[in-house]
Amino acid sequence: MPDPTTDRRETELLTITEAADLLRAPVATLRYWRHRNIGPHSFRVGRRVLYRREDLQTWIDAKAGRIRGH
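Please read all numbers here as calculations on a predicted model, not as lab measurements.

Engineer: Explain the nonpolar core to me, and be specific about the residues and the numbers.
Structural biologist: Core analysis: the biggest nonpolar cluster contains eleven residues, these being L14, I16, A19, A20, L23, A25, L30, V49, Y51, L56 and W59. Counting only elements with at least two residues in this core, the list comes to α2 (16–23), β3 (48–52) and α4 (53–69). The dominant element in this core, judged by the number of residues it contributes, is α2, at four residues. Once you skip the residues sitting within four places of it in the chain, A19 turns out to touch L14, L30, Y51 and L56.

So this is what it looks like as structure tokens:
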């Protein structure tokens, strides 16, 4: 049986402010990354920009791997 805690965490949606807090970056930086298409995957629902927690973690892992491999 799947773990409901894991399922919920994988589909958790974060606002741009929450994502910025998680990444320890200013909201303006996330907006800039979004504009340049270089940051973590995000999408709009109406006027809100949202991030999936799993997408943020994937992006972080990819950046960490790139640094280690450098």
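Having seen the model, we can carry on.
Engineer: Lay out the environment of T17 in plain terms, naming residues and giving numbers.
Structural biologist: Here T17 lies in helix α2. Considering only alpha carbons, one finds T17 and A28, eleven residues apart in sequence, at a separation of 9.6 Å.

Engineer: Run through the environment of E18, naming residues and quoting values.
Structural biologist: With respect to the helices and strands, the residue E18 is situated in helix α2. Classification of E18 by relative accessible area gives partly exposed; the value is 39%. The spatial distance from the C-alpha of E18 to the C-alpha of R53 is 9.7 Å, given a sequence separation of 35 residues. A distance of 2.8 Å separates a polar side-chain atom of E18 from the backbone nitrogen of T15.

Engineer: Can you tell me about α2, naming the residues and giving the values?
Structural biologist: Within the span of α2, buried status applies to I16, A19, A20 and L23. For α2, the angular spread of the buried residues around the axis is 100°, confining them to a single face. Looking one or two residues beyond α2, the residue adopting positive phi is R24, at roughly 55°.

Engineer: Any details on the sheet that holds strand β1 (residues 13–15)? Residues and values, ideally.
Structural biologist: If you trace the three strands from one edge of the open sheet to the other, you get β1-β3-β2, paired in antiparallel fashion. Two strands in the sheet have a free side with no partner beyond their single neighbour: β1 and β2 (43–45). Pairwise comparison of adjacent strand axes, ignoring direction, gives a mean angle of 50° for this sheet. The strands touched by α2 within the sheet are β1 and β3, with β1 carrying the most contacts at an inclination of about 95°.

Calculation notes
Residues numbered from 1 in each chain as written. Predicted model: local features only at pLDDT ≥ 70, side-chain atom pairs only at ≥ 80, totals over all residues. Heavy atoms only, no water. Core = buried A, V, L, I, M, F, W, Y, C linked by side-chain atoms within 4.5 Å. Buried < 20%, exposed > 50% of the residue type's maximum accessible area, 1.4 Å probe, protein only. Helix = DSSP H or I, 4+ residues; strand = E, 2+ residues; numbered from the N terminus. Contact = heavy atoms within 4.5 Å. Polar contact = N/O pair within 3.5 Å; in protein donor to acceptor, adjacent residues only side chain to side chain. Arc of directions from axis to C-beta. Pairing = 2+ DSSP bridges. Axes fitted to C-alpha atoms, helices over the stretch in contact; angles between N-to-C directions.

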